[in-house]
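Tertiary structure, described
Here's the letter readout for the chains.
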Amino acid sequence: MQGKAALALAVLTRYDAAIIAAAGAIPPLVQLLGSGYLAVVQQMAAQALWNLTLNDDNKVTIAGSGAIPPLVQLLGSRSPAKVQHRAALALSSLARIANNAVTIAAAGAIPPLAQLLGSSSPANVQKAAAWALSALGDSSADIRAAIDAAEASANTLQQMKALGLD
């Protein structure tokens, strides 16, 4: 049942994001990111949250609802590539708000995002990780330094060029 609900919200948020957010869908979606749920449920919840981030007000609400730590957890090697992809996309969009970027970096997102740039990750995951690191790096010099320290900066530039994103 939760999988069907998450799928429905993932579809609906593409068309009626403001209505879905106003109806209170964000906290339940954040809950569905948790480790107690099937990967497909986590994937659809991350997709729905990513769709909701198209609105800047929602970006603040999503971050305030505690979505960032579980999204960072979904970047890990225990998650399937589809889940990592959706989590990286959501974090990439959330990072466009400076306060969110600080929270994302503090939650430990930089090392797993840098790792996802590796050649063992599918191209769409690499691209989403590169976008997320780029968005984080744009937010502050301190975060750029953390990306450099993770040796992700050069990898990000190489991946962006390889994927035609430069």
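Look up: the structure comes first, before these words.
Residues numbered from 1 in each chain as written. Predicted model: local features only at pLDDT ≥ 70, side-chain atom pairs only at ≥ 80, totals over all residues. Heavy atoms only, no water.

Moving on: the overall build of the protein chain. Along the backbone of the protein chain there are 12 helices and 0 strands. Put simply, the protein chain runs from its N terminus to its C terminus through helices and strands in the order α-α-α-α-α-α-α-α-α-α-α-α. Buried residues in the protein chain amount to 46% of all 166 residues. Taking contacts inside the protein chain between residues at least 6 apart in sequence as the whole, the part at least 24 apart equals 63%. In the structure as shown, the protein chain presents an accessible area of about 8100 Å², 55% of it carried by carbon and sulfur atoms. (Helix = DSSP H or I, 4+ residues; strand = E, 2+ residues; numbered from the N terminus. Buried < 20%, exposed > 50% of the residue type's maximum accessible area, 1.4 Å probe, protein only. Contact = heavy atoms within 4.5 Å. Areas by Shrake-Rupley, 256 points an atom, 1.4 Å probe, with all protein chains shown as cover.)

With that out of the way, let us pick up helix α10 (residues 123–139). The end-to-end C-alpha distance of α10 is 25 Å, a good match for the 24 Å that 17 residues give at a rise of 1.5 Å each. Taken as a whole, α10 has its buried residues at V125, Q126, A128, A129, A130, A132, L133, A135, L136 and G137. (Expected span 1.5 Å × (residues − 1).)

Take a nonpolar patch on the surface next. Together, L7, V11 and Y15 make up an exposed nonpolar region whose accessible area comes to about 310 Å². Within the secondary structure, L7 sits in helix α1 (residues 2–12). By relative accessible area, L7 is classed as partly exposed at 46%. (Patch = residues over 30% accessible without salt bridge, like charges linked within 9 Å, V, L, I, M, F, W, Y side chains within 5 Å. Salt bridge = Lys/Arg side-chain N within 4 Å of Asp/Glu carboxyl O.)

The next thing to look at is the nonpolar core. Core analysis: the biggest nonpolar cluster contains 51 residues, and L49, L52, L71, L113 and L136 have the highest contact counts within it. With 8 residues, the top contributor of residues to this core is α10. When sequence neighbours within four positions are dropped, the list of residues in contact with L71 reads L33, A46, A87, A90, L91 and L94. (Core = buried A, V, L, I, M, F, W, Y, C linked by side-chain atoms within 4.5 Å.)

What follows deals with the environment of Q47. With respect to the helices and strands, the residue Q47 is situated in helix α4 (residues 39–52). Through-space distance from the C-alpha of Q47 to that of R86 is 5.5 Å; in sequence the pair is 39 residues apart. Those residues in contact with Q47 that lie beyond four places of it in its chain are A10 and R86.

In this section: α4. Relative to the 20 Å expected for 14 residues at 1.5 Å per residue, α4 spans 20 Å between its end C-alpha atoms, a close match to the ideal helical length. Counted residue by residue, α4 has 11 buried out of 14 residues, so it is predominantly covered.

Attention now goes to the packing of α4 against helix α7 (residues 81–94). Each packed pair of helices is defined by two parameters, the angle between the axes and the distance between the axes. As a packed pair, α4 and α7 sit with axes 8 Å apart at the nearest point and diverge in direction by 20°. Compared by their axis directions, α4 and α7 come out roughly parallel. The way α4 lies across α7 gives a crossing that is left-handed. Taking contact as the criterion, the partners of A39, Q42, Q43, A46, Q47 and W50 in α4 are, on α7, K82, V83, R86, A87, L89, A90 and S93. Its residues assigned to classes, the contact of α4 with α7 comprises 7 nonpolar, 4 polar and 2 charged. (Axes fitted to C-alpha atoms, helices over the stretch in contact; angles between N-to-C directions. Parallel < 35°, antiparallel > 145°, perpendicular 65-115°, else oblique. Left-handed = near helix turned anticlockwise from the far one by under 90°. Nonpolar A, V, L, I, M, F, W, Y, C, P; charged D, E, K, R; others polar.)

Moving on, we get to the side chain of Q43. Along the chain, Q43 falls in helix α4. The buried category is assigned to Q43, whose relative accessible area is 10%. With near-sequence residues (within four places) excluded, Q43 lies in contact with K82, V83 and R86.

Turning our attention to the pattern of salt bridges. Working definition: two side chains of opposite charge can pair if their charged atoms are close together. The full count for this structure, using the stated rule, is 2 salt bridges. Between K59 and D56 there is a salt bridge; the shortest N-O distance is 3.0 Å. Within this pair, K59 and its partner D56 are both found in helix α5 (residues 56–64), separated by 3 residues, close to a single helical turn. For D56, a relative accessible area of 45% translates into the label partly exposed.

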